[in-house]
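Breakdown of the fold
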Amino acid sequence: IHQCKEEDDDTENNTCESLFGRQFSSYKATLTAVILTASMILLFALFIVVLGVNSIGVPTIRLISTNDTPRLELSPDCKDHMFISHVWKSGQDKTHKIVRMIQQYLPGINIWLDVDSLTDISNLEESVAEAARFVLFYSKDYFKSKNCVREVKAAVQKEKPITIIFETDENLESSEVIDDMKNECREYLPEELDYIFAEEPILWLNSSLHFTLESVKMIVERLLPKLPHYEKHPLLLHEGLKIKNELSPIKVLSPLELLVCDANIGAYEVALKLCGEYKGKVTISNINLSNLSMQSARRDRVMVLYLTEKVFCDQDNQLHDSVKHLINKGVPIILVHEKDTSKGGCPFGTIINLTPDDLKGEPYNLYSTDIAVSLYSVKEYQQVSLRQTLNNIITKLTGDTVIKSRIESTIMAEI
């Protein structure tokens, strides 16, 4: 507008004409400026609306008993809900991701984290005292850190409840990790050991969103009972917590037949757990290669293959032959990978090495098209494991027009 004044008639020195052309007058310059300004305001307003909608749509933790978000009022002597302690060298990045995840699903929570809150390292003890719960993220040499020891001692002295979080290689459940943790603590804080480990440490899982949601819920379930509102009303927490996007119980009620092989040690027990989680009729059958083709075709059948450090180790190759035969017959193979090392859990690379070569390659491709579901012993994680496994079963069987019609009939009946 400034460059296109109407009174500027000097054609030789007309800046507007030289910049924008002869057709660009003062009126057009003003109109263009107004349109651009209006467009910017409109885009900004649209951005605010999208941001607001996304904020509303973010799933949050809720109480099952009331469907309300948790009340997070603190006692007068506390400023933060949690104080997060970790070793900077080995735990900083992981801890920050965990904190951001908790903040995402529990808006309004105040968490003391060094990158956000640390201004003076001499005030660590005071910051611990002002938190409702002390959260210790364990990584190797945690108890060798002088500052971490300061923080833990302050938590013990102030009688703060302590939650320990840790991760493991390949997300395995291993008591050895906790034993190593305790041994390290015993070396540096022997008198505080029992207090620090009064609560069972929480294995943080990041292998999938569903497991991570359970990790978040487990941490929050430790926090809420110590907050003033729930100290007065503990029954509100009795039914637990829920969060959108977590796995729900399987509602398809079609009959299932789970096939297991005697040579696959532990598979029958896994099948029993699946029966307990599934709401429809389930039968468990031992595989008999001599009469497999004669078994009822009215039920929808899958084989449960339980992957542990002993898989495919039977001397007569019964498991190997059963898997080959069932794949040839078109029976889906459902892969369940044990993660508890006390039950034979091991890295998946070990499973690959134990598997016969002919099952790994063409035409069987045992692991090429399917991802094994991780099975945990911790109650909260195990429920996720079983529901994921049942989802895989239903997904496998929905290619069959018979079960498709059954599912559709079930859905219509529910409607």
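Quick caveat: nothing in here was measured; it's all calculated off a predicted structure. (Residues numbered from 1 in each chain as written. Predicted model: local features only at pLDDT ≥ 70, side-chain atom pairs only at ≥ 80, totals over all residues. Heavy atoms only, no water.)

1. Remarks on the overall build of the protein
Helices and strands together make up the secondary structure of the protein, namely 16 helices and 12 strands. Out of the 415 residues in the protein, the part that is buried amounts to 45%. Long-range pairs, those at least 24 residues apart, make up 75% of the contacts in the protein between residues at least 6 apart in sequence. Carbon together with sulfur atoms contributes 52% to the accessible area of the protein, which is approximately 22600 Å² in total. (Helix = DSSP H or I, 4+ residues; strand = E, 2+ residues; numbered from the N terminus. Buried < 20%, exposed > 50% of the residue type's maximum accessible area, 1.4 Å probe, protein only. Contact = heavy atoms within 4.5 Å. Areas by Shrake-Rupley, 256 points an atom, 1.4 Å probe, with all protein chains shown as cover.)

2. Here's the deal with the pairing of strand β11 (residues 333–338)
By the criterion of burial, β11 is predominantly enclosed, with six of the six residues buried. Covered by surrounding structure in β11 are Ile333, Leu335 and His337 together with Ile334, Val336 and Glu338, the residues of both alternating faces. Here five bridges tie strand β10 (residues 300–307) to β11, and the two strands are oriented parallel to one another. In the sheet register, Leu307 faces β11, and the bridge partner there is His337. The β-α-β motif built from β10, the intervening helix α12 (residues 318–328) and the parallel element β11 has right-handed crossover chirality. Of the pairings in the sheet, the one linking β11 to strand β12 (residues 373–375) comprises three bridges and is parallel in character. (Pairing = 2+ DSSP bridges. Right-handed = clockwise from strand over helix to strand, strands pointing away.)

3. Concerning the sheet that holds strand β6 (residues 202–203)
With parallel pairing, the five strands of this open sheet are ordered in space as β3-β2-β4-β5-β6. Edge positions in the open sheet fall to β3 (111–112) and β6, since each of these has one partner strand only. Across two bridges, the pairing between strand β5 (residues 162–166) and β6 is parallel. When the bridges of β6 are listed, Ile165 appears paired with Ile202. Helix α7 (residues 175–188) contacts β4 (131–138) and β5 of the sheet and is inclined by roughly 125 degrees relative to β5. (Axes fitted to C-alpha atoms, helices over the stretch in contact; angles between N-to-C directions.)

4. Let's talk about α7
Residues spaced three or four apart along an α-helix point in a common direction, a consequence of the helix completing one turn every 3.6 residues. Taking 1.5 Å of rise per residue, 14 residues should cover 20 Å, and α7 covers 20 Å from first to last C-alpha, within 8% of that figure. For α7, the complete set of buried residues consists of Ile178, Met181, Glu184 and Cys185. Seen from one end, α7 has its buried residues packed into an arc of 125 degrees, which puts them on one side. Residues of α7 that are exposed and point over 90 degrees away from its buried face: Glu176 and Glu187. In this structure, the buried side of α7 is in contact with β4, β5 and α8 (193–196). (Expected span 1.5 Å × (residues − 1). Arc of directions from axis to C-beta.)

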